[in-house]
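Remarks on the overall topology
Here's the letter readout for the chains.
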Amino acid sequence: MPRSVNHVASRARRKKILKLTRGYYGCRRNVWTVAKNTWEKGLTYAYRDRKDKKRNFRALWIQRINAAARLEDLSYSKLMGLIHKAGIEINRKVLADLAVNNPAAFKAVVDKVKNA
């Protein structure tokens, strides 16, 4: 009895990954083993960079808050310390957005913190 292999399923599995590697450079798009390794490595990078994105955005928010705070004669660390001492519950994302898009509101927050 001849050996039976499910060529349809294995070919479909390969085609699925080769379709995902379209647009890659050189052998990375059409040579099965290279394409599979590249695709798997890309998944690793995607997982890692989803975590890095959060870190990068927090750093960006801190830079924006610091720049706006220095216009009000405060450093970032002093401003955040005063905000926590005043009991104002505002996160860095919102504070950075205020600093960039609504400087008057940011100034109002800083004035309230200075007076508290």
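Structure: above.
Now for a quick tour of the structure. Please read these numbers as outputs of a predicted model, since none were measured by experiment. (Residues numbered from 1 in each chain as written. Predicted model: local features only at pLDDT ≥ 70, side-chain atom pairs only at ≥ 80, totals over all residues. Heavy atoms only, no water.)

**Things to note about the pattern of salt bridges**
Across all of its chains, the model carries three salt bridges by this definition. Arg48 is the partner of Asp49 in a salt bridge, and the nearest nitrogen-oxygen pair spans 3.0 Å. Relative accessible area serves as the criterion here: at 34%, Asp49 is assigned to the partly exposed category. Residue Arg55 is joined to Asp52 by a salt bridge in which the shortest nitrogen-to-oxygen separation is 3.0 Å. With Arg55 and Asp52 both in helix α2 (residues 32-71), this residue pair falls three residues apart, about one helical turn. (Salt bridge = Lys/Arg side-chain N within 4 Å of Asp/Glu carboxyl O. Buried < 20%, exposed > 50% of the residue type's maximum accessible area, 1.4 Å probe, protein only. Helix = DSSP H or I, 4+ residues; strand = E, 2+ residues; numbered from the N terminus.)

**Section: the packing of α2 against helix α4 (residues 92-101)**
Direction vectors running N to C along α2 and α4 enclose 45 degrees, while the axes themselves pass 8 Å from each other. Our classification of the angle between α2 and α4 gives oblique. Read as a crossing pair, α2 and α4 show a hand that is left-handed. Contact residues: Arg58, Trp61, Ile62, Arg64, Ile65 and Ala68 in α2; Arg92, Lys93, Leu95, Ala96, Ala99 and Val100 in α4. Here the contact of α2 with α4 is composed, by residue class, of eight nonpolar, no polar and four charged. (Axes fitted to C-alpha atoms, helices over the stretch in contact; angles between N-to-C directions. Parallel < 35°, antiparallel > 145°, perpendicular 65-115°, else oblique. Left-handed = near helix turned anticlockwise from the far one by under 90°. Contact = heavy atoms within 4.5 Å. Nonpolar A, V, L, I, M, F, W, Y, C, P; charged D, E, K, R; others polar.)

**Focus on the side chain of Ser10**
Residue placement: Ser10 occurs in helix α1 (residues 7-20). For Ser10, the side chain forms a polar contact with the main-chain oxygen of His7, separated by 3.2 Å. (Polar contact = N/O pair within 3.5 Å; in protein donor to acceptor, adjacent residues only side chain to side chain.)

**Focus: the packing of aromatic side chains**
The way to describe two aromatic rings as a pair is by their centre distance and the angle between their planes. Summed over the entire model, instances satisfying the criterion amount to one aromatic pair. Ring centres of Phe57 and Trp61 lie 6.1 Å apart, and the angle between their planes is 40 degrees; this geometry places the pair in the tilted category. Pair noted here: Phe57 and Trp61 are both in helix α2, with a separation of four residues, about one helical turn. Relative accessible area serves as the criterion here: at 38%, Phe57 is assigned to the partly exposed category. Sitting over the face of the ring of Trp32, Arg14 holds its NZ or CZ atom 5.8 Å from the ring centroid. (Phe/Tyr/Trp six-rings, centres within 6.5 Å; stacked < 30°, edge-to-face > 60°. Lys NZ or Arg CZ within 6 Å of the ring centre and 35° of its normal.)

**Some words on the nonpolar core**
Grouped together as the largest cluster of nonpolar side chains are 16 residues, with contacts concentrated most on Ile65, Leu79, Ile83, Leu95 and Phe106. Taken together, the elements giving at least two residues each to this core come down to α2, α3 (76-86), α4 and α5 (103-115). (Core = buried A, V, L, I, M, F, W, Y, C linked by side-chain atoms within 4.5 Å.)

**Points about α2**
Between its first and last C-alpha atoms α2 spans 57 Å; for 40 residues at 1.5 Å apiece the expected length is 58 Å, and the two agree. Maximal helix bending in α2 amounts to about 25 degrees, located at Arg50. Residues of α2 that are buried: Ala35, Thr38, Ile65, Ala68 and Ala69. For α2, the elements touching its buried residues are α1, α3, α4 and α5. Directly after α2, the chain includes Asp73, whose backbone phi takes a positive value near 60 degrees. (Expected span 1.5 Å × (residues − 1). Bend = angle between axes of the 7 residues up to and from the residue.)

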